[in-house]
Amino acid sequence: MSKNILLLGSGFVAEPCLEYLLRSGNNRVTVACRRLEKAQQLSSKYNGASAMALDVEDDAALDAAVAAHDLVISLIPYTQHARVMKAAIKAKKHVVTTSYISPAMEELDAAAKEAGIVCMNEIGLDPGIDHLYALKIINEVRAEGGKITSFESFCGGLPAPEASNNPLGYKFSWSARGVLLALRNNARYWQDGKLVEIEGKDLMDSARPIFIYPAFALVGYGNRDSSHYRQRYNIPHAETCVRGSLRYQGFPEFAKTLVNMGFLDDTPRAELSASASGPLPWNSVTQQILGLSSADPAELLSAIESKIETQDPELRKRVIHGIKWLGITSPDVPAVKRGSYLDVLCARLEELMMYGEGERDMIILQHKFEVENKDGSHNTRTSVTLMYGEPNGFQAMAKTVGVPCGIATQLILDGKINTTGVIAPMTPEIYQPIMDLLPSEGINAVEETI
């Protein structure tokens, strides 16, 4: 029987999800966005898809849209998920999101159970695929009578090596703002039995080399609070428990220099507002942020050099090269007035660092476990997921978020995932059916015991 799905959002990850759900010909999907034309841009590519304009902050309109479908997928900002879930509870319809379960969502667990609906969350890449492959090994070790003494998980969405051709070794598929704001996040994790807390301003200093394959020069740093994963994954003996982000070598030093210059400041400034009159060359912005009396490029570079913390001469050279490449000391490069230092920098990064025609992205995820076996012996187990985007097709990041979301949606519609409440893929009856279908979509993990 044909199922009707409401897909909220038409962004980057929506299309692989939509394509998966329409492939069988058994589903009808309504793509809903605030602006009808955005929904139409996506829906017009696929048979079985239609478009509608929907403002999710209009409760009556949201209630009506949710009630008219069998399931709702929420790929809009996570702050709206609880609102969507409330509408779904009222209409007794299932919900799927790729976001972490927030306190506001968690509060709806009892009501969702009472309504008899599945509210599935954390089913993208990170969070999502990372849970599946971590829990697979954790549960195998436990079944064999062993215990996990250390767990490290690092994940990165990066340009493929041949597309990492800029000083940050990074590219954007959408707004740079979220990536930059993440550099302000504090990190908290367990390391050798001690609880480590790192302030956002020191996050880049904590980056360290992460070895996965010899072909990649990667570094990693903690991603927010992963201290509670000892409980969440039920690995109480893990002296180390850290989840982090991966970047190419050189990124932290360059990013830290921009942080030290003050570019993460999102305070609105009159002189940077779109309504400010007159041209705004980049050297003037950099002069202002550094509080200098001169906008001379050579003097600006000299001042910036004092903000570079690394003492490695090669890395210092790379940072200076990067600053020149950005053009932020040049009188000839106009700055886009976006209101704050952060947003003016975002505009410049987006001008220079978006993926180009035919360029591939890459996702790489490594779980590393130290295991004490039942007989007292020790070994290291790793699980690596490496995937490249298709040139001019789906990016790896979009696919590894959108496809697991689509798979979970189909399994719920088919009654194969039927655990009610506000849930994440934390137990075998939820994660195993999803994991079984990932390899046929080109998504898998290579495991090794060392």
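Rules behind the numbers
Residues numbered from 1 in each chain as written. Predicted model: local features only at pLDDT ≥ 70, side-chain atom pairs only at ≥ 80, totals over all residues. Heavy atoms only, no water. Disulfide = S-S within 2.5 Å. Buried < 20%, exposed > 50% of the residue type's maximum accessible area, 1.4 Å probe, protein only. Salt bridge = Lys/Arg side-chain N within 4 Å of Asp/Glu carboxyl O. Helix = DSSP H or I, 4+ residues; strand = E, 2+ residues; numbered from the N terminus. Arc of directions from axis to C-beta. Contact = heavy atoms within 4.5 Å. 1 Å grid on protein atoms, 1.4 Å probe; cavity = no way out; pocket = protein on both sides within 12 Å on 5 of 7 lines; lining within 4 Å. Points joined across faces, edges and corners; volume = space filled by probe spheres on them. Phe/Tyr/Trp six-rings, centres within 6.5 Å; stacked < 30°, edge-to-face > 60°. Lys NZ or Arg CZ within 6 Å of the ring centre and 35° of its normal. Pairing = 2+ DSSP bridges. Axes fitted to C-alpha atoms, helices over the stretch in contact; angles between N-to-C directions.

The subject of this paragraph is the state of the cysteines. Under the definition given, this model contains 0 disulfides. Left unpaired, Cys155 is separated from the closest cysteine sulfur, that of Cys241, by 16 Å. The class of Cys155 is buried, set by a relative accessible area of 9%. Here Cys405 is not disulfide-linked; the sulfur of Cys17 is the nearest cysteine sulfur, at 3.9 Å. Owing to a relative accessible area of 1%, Cys405 belongs among the buried residues under this scheme.

A few words on the pattern of salt bridges. In this structure the tally under the stated criterion is 30 salt bridges. A salt bridge links Glu197 to Arg188; the nearest nitrogen and oxygen atoms lie 3.4 Å apart. Asp202 is the partner of Lys201 in a salt bridge, and the nearest nitrogen-oxygen pair spans 3.2 Å. Exposure remark for Asp202: the relative accessible area of 29% places this residue in the partly exposed category.

Further remarks concern helix H16 (residues 428-437). Among the residues making up H16, those that are buried are Ile430, Tyr431, Ile434 and Met435. Viewed end-on, H16 has its buried residues packed into an arc of 110°, placing them on one side of the element. At its buried positions, H16 is contacted by strand S6 (118-120), helix H7 (129-143), helix H15 (396-413) and strand S15 (421-423).

A complete count under the given rule lists 2 cavities of 30 Å³ or more for this structure. One number sums up the size of the largest cavity: a volume of about 70 Å³. Along the walls of the largest cavity sit 13 residues, with Leu168, Leu180, Leu183, Ala255 and Leu258 positioned nearest its centre. Of all the secondary-structure elements, those providing two or more residues to the lining of the largest cavity are helix H8 (177-181) and helix H10 (251-261).

Of the consecutive residues Asp126 and Pro127, the connecting peptide bond is found in the cis state with omega at 15°. Inspection of the secondary structure puts Pro127 in the loop between S6 and H7. Of note in the backbone geometry, Arg224 takes a positive phi value of approximately 55° without being a glycine. Within the secondary structure layout, Arg224 lies in the loop between strand S11 (218-222) and helix H9 (229-232).

For Glu106, the position within the fold is in helix H5 (residues 103-106). Residues Glu106 and Gly421 lie 315 residues apart in sequence; the distance between their C-alpha atoms is 9.0 Å.

This part covers the layout of surface pockets. Of the pockets and cavities examined, the second largest pocket occupies roughly 490 Å³. Forming the walls of the second largest pocket are 27 residues, and the residues nearest its centre are Phe12, Glu15, Lys45, Gly393 and Gln395. Elements represented by at least two residues in the lining of the second largest pocket include exactly helix H1 (14-22) and helix H2 (36-43). Here the element with the most residues in the lining of the second largest pocket is H2; it accounts for 3 residues.

Let us look at H2. Ala39, Leu42 and Ser43 are the residues of H2 that are buried. Around the axis of H2, the buried residues are gathered within 95° of arc, so they sit on the same side. Of the surrounding secondary structure, the elements contacted by the buried residues of H2 are H1, strand S2 (27-33) and strand S3 (49-53).

If you walk through the whole model with that rule in mind, you get 8 aromatic pairs. Taken together, a centroid distance of 5.8 Å and an interplanar angle of 55° make the contact between Tyr170 and Phe251 tilted. Separated by 81 residues along the polypeptide, Tyr170 in the loop between strand S7 (147-159) and H8 and Phe251 in helix H10 bring together distant segments of the chain. Each member of the pair, Tyr170 as well as Phe251, is classed as buried. Among the aromatic residues, those joined into a ring-pair cluster are Phe151, Tyr229, Tyr233 and Phe369. A cation sits over an aromatic face here: Arg230 above Trp190, 3.8 Å from the ring centre.

In this section: the pairing of strand S14 (residues 378-388). Along S14, 8 of the 11 residues are buried, which leaves the element largely enclosed by surrounding structure. Both strand S13 (residues 361-372) and S14 contribute to a ladder of 11 bridges, which runs antiparallel. Bridging across to S14, Leu365 finds its partner in Thr385. In this structure, the hairpin formed by S13 and S14 is closed by a connection of 5 residues, where Gly376 is found at a positive phi of approximately 90°.

If you walk across this open sheet you meet the 7 strands as S3-S2-S1-S4-S5-S6-S15, and the pairing is parallel. One side of each edge strand has no neighbouring strand; the edge strands of this open sheet are S3 and S15. In this sheet, neighbouring strand axes are inclined to one another by 20° on average, regardless of whether the strands run parallel or antiparallel. Alignment of S6 against S15, held across 3 bridges, turns out to be parallel. Bridge pairing in S15 links Cys119 to Val422.

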